[in-house]
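A look at the structure
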Amino acid sequence: AQSVTQLDSQVPVFEEAPVELRCNYSSSVSVYLFWYVQYPNQGLQLLLKYLSGSTLVKGINGFEAEFNKSQTSFHLRKPSVHISDTAEYFCAVRRSNTGKLIFGQGTTLQVKP
Amino acid sequence: DAEITQSPRHKITETGRQVTLACHQTWNHNNMFWYRQDLGHGLRLIHYSYGVQDTNKGEVSDGYSVSRSNTEDLPLTLESAASSQTSVYFCASSESAGVDTEAFFGQGTRLTVV
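Residues numbered from 1 in each chain as written. Chains lettered and ligands numbered in written order. Predicted model: local features only at pLDDT ≥ 70, side-chain atom pairs only at ≥ 80, totals over all residues. Heavy atoms only, no water.

So, the overall build of chain A
In terms of regular secondary structure, chain A is built from zero helices and twelve strands. Across its three principal directions, the C-alpha atoms of chain A cover 40 × 30 × 20 Å. Looking at chain A as a whole, 49% of its 113 residues are labelled buried. Counted over contacts in chain A with a minimum sequence separation of 6, partners at least 24 positions apart contribute 56%. Put simply, chain A shows about 5300 Å² of open surface, and 49% of that area lies on carbon and sulfur atoms. Positive and negative side-chain charges in chain A, numbering 10 and 8 respectively, have mean positions lying 12 Å apart. (Helix = DSSP H or I, 4+ residues; strand = E, 2+ residues; numbered from the N terminus. Buried < 20%, exposed > 50% of the residue type's maximum accessible area, 1.4 Å probe, protein only. Contact = heavy atoms within 4.5 Å. Areas by Shrake-Rupley, 256 points an atom, 1.4 Å probe, with all protein chains shown as cover. Lys, Arg positive; Asp, Glu negative; His and termini not counted. Charge placed at Lys NZ, Arg CZ, Asp CG, Glu CD.)

Quick word on the interface of chain A and chain B
At the junction of the two partners, chain A supplies 22 residues and chain B supplies 22 residues. Carbon and sulfur atoms supply 55% of the area buried between chain A and chain B, which totals about 1800 Å² over both sides. One can count zero salt bridges joining chain A with chain B. Scanning the region where chain A abuts chain B turns up four residue pairs in polar contact (both at pLDDT 80 or more). A total of four residues in the side of chain A that touches chain B trace back to one element, the largest contributor, which is strand S5 (residues 32-38) of chain A. Residues that form the side of chain A that touches chain B fall into these classes: nine nonpolar, ten polar and three charged. (Buried area = accessible area lost by both parts, 1.4 Å probe. Salt bridge = Lys/Arg side-chain N within 4 Å of Asp/Glu carboxyl O. Polar contact = N/O pair within 3.5 Å; in protein donor to acceptor, adjacent residues only side chain to side chain. Nonpolar A, V, L, I, M, F, W, Y, C, P; charged D, E, K, R; others polar.)

A closer look at the environment of Gln110(A)
All names here are of chain A. Examined against the element boundaries, Gln 110 turns out to sit in strand S12 (residues 107-112). Residues Gln 110 and Phe 74 lie 36 residues apart in sequence; the distance between their C-alpha atoms is 20 Å. Setting aside chain neighbours within four positions, we find Gln 110 in contact with Gln 10, Val 11, Pro 12, Val 13 and Thr 86.

Topic: the pairing of strand S9 (residues 73-78) of chain A
All names here are of chain A. Counting buried positions along S9 yields five of six residues, so the element is predominantly enclosed. As judged from the three bridges shared by strand S3 (residues 19-21) and S9, these two strands associate in the antiparallel manner. If you follow Val 19 over to S9, its bridge partner there is Lys 78. Relative to S9, strand S8 (residues 64-68) runs antiparallel, the two being bridged by five bridges. Within S9, the residue paired with Glu 64 across the bridge is Arg 77. (Pairing = 2+ DSSP bridges.)

Digging into unusual backbone geometry
With an omega dihedral of -5 degrees, the bond running from Ser7(B) to Pro8(B) counts as a cis peptide bond. With respect to the helices, strands and loops of the structure, Pro8(B) is situated in the loop between strand S1 (4-7) and strand S2 (10-13). Phi at Thr72(A) takes a positive value of approximately 45 degrees, unusual for a residue other than glycine. In this fold, Thr72(A) is placed in the loop between S8 and S9. Of note, Gln53(B) is a non-glycine position whose phi angle comes to about 70 degrees, a positive value. For Gln53(B), a relative accessible area of 65% translates into the label exposed.

Comments concerning the sheet that holds strand S7 (residues 64-66) of chain B
Residue and element names in this part refer to chain B. The antiparallel open sheet is built from four strands, whose spatial order is S1-S3-S8-S7. Because the sheet does not close on itself, it has two edges, and the strands there are S1 and S7. Ignoring strand direction, the axes of neighbouring strands in this sheet form an average angle of 20 degrees. Sheet topology places S7 next to strand S8 (residues 76-78); three bridges connect them, and they run antiparallel. Bridged to Val 66 within S8 is Leu 76. (Axes fitted to C-alpha atoms, helices over the stretch in contact; angles between N-to-C directions.)

Considering the pattern of salt bridges
Residues and elements named next belong to chain A. Using the criterion set out here, one finds eight salt bridges over all chains in the structure. Arg 77 is paired through a salt bridge with Glu 66; the nearest N and O atoms lie 3.4 Å apart. Within this pair, whereas Arg 77 is found in strand S9, its partner Glu 66 is found in strand S8, the two being separated by eleven residues in sequence. Connected via shared salt-bridge partners are Glu 20, Glu 66 and Arg 77.

Encoded structure:
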């Protein structure tokens, strides 16, 4: 069975500092990985996705993630965060050809001035 | 613009009552999903549908049901609401089951069962 673990429930960081949100997955088959962001009182929005090819994936709002097959990780990074990045971030894995997404527990990014 | 909308946005109901949460999408997507979001659990799949008249159980389907009579709507029904069903519910849709297909989410319904 596939599962997703987000290692940090909350990540406080000061504005303009770099940040990394960690995500590990378990799967015995090929995986397709996603990061979603949820701003307060809103639905989820796709940040980026890894399907195949280059292991470094760039998304919206300056975020990027690196797929590491040997470590079964898909960590999300941003070199310099803004107050507006304060949100809940979800890592997810999709089973091939089912459309179903399996989500991690979520990480709250709190950007402080 | 095409969109996915959920109603109501907030709902308070009593234990034992039947409640229906609406989800409507205008993309003409085949796939629709219902998730619940709880602290420490992320989003968990309740039910999903790959098309009209098709419904499937997700990992936390007990106490919930869905029906798909047309492409646009997938209402979620709580047959007899329980306090454990207090949660935020999200509906999502996607065009196909392809791995590169983006899922679009509604803004959520916050349900409180008292």
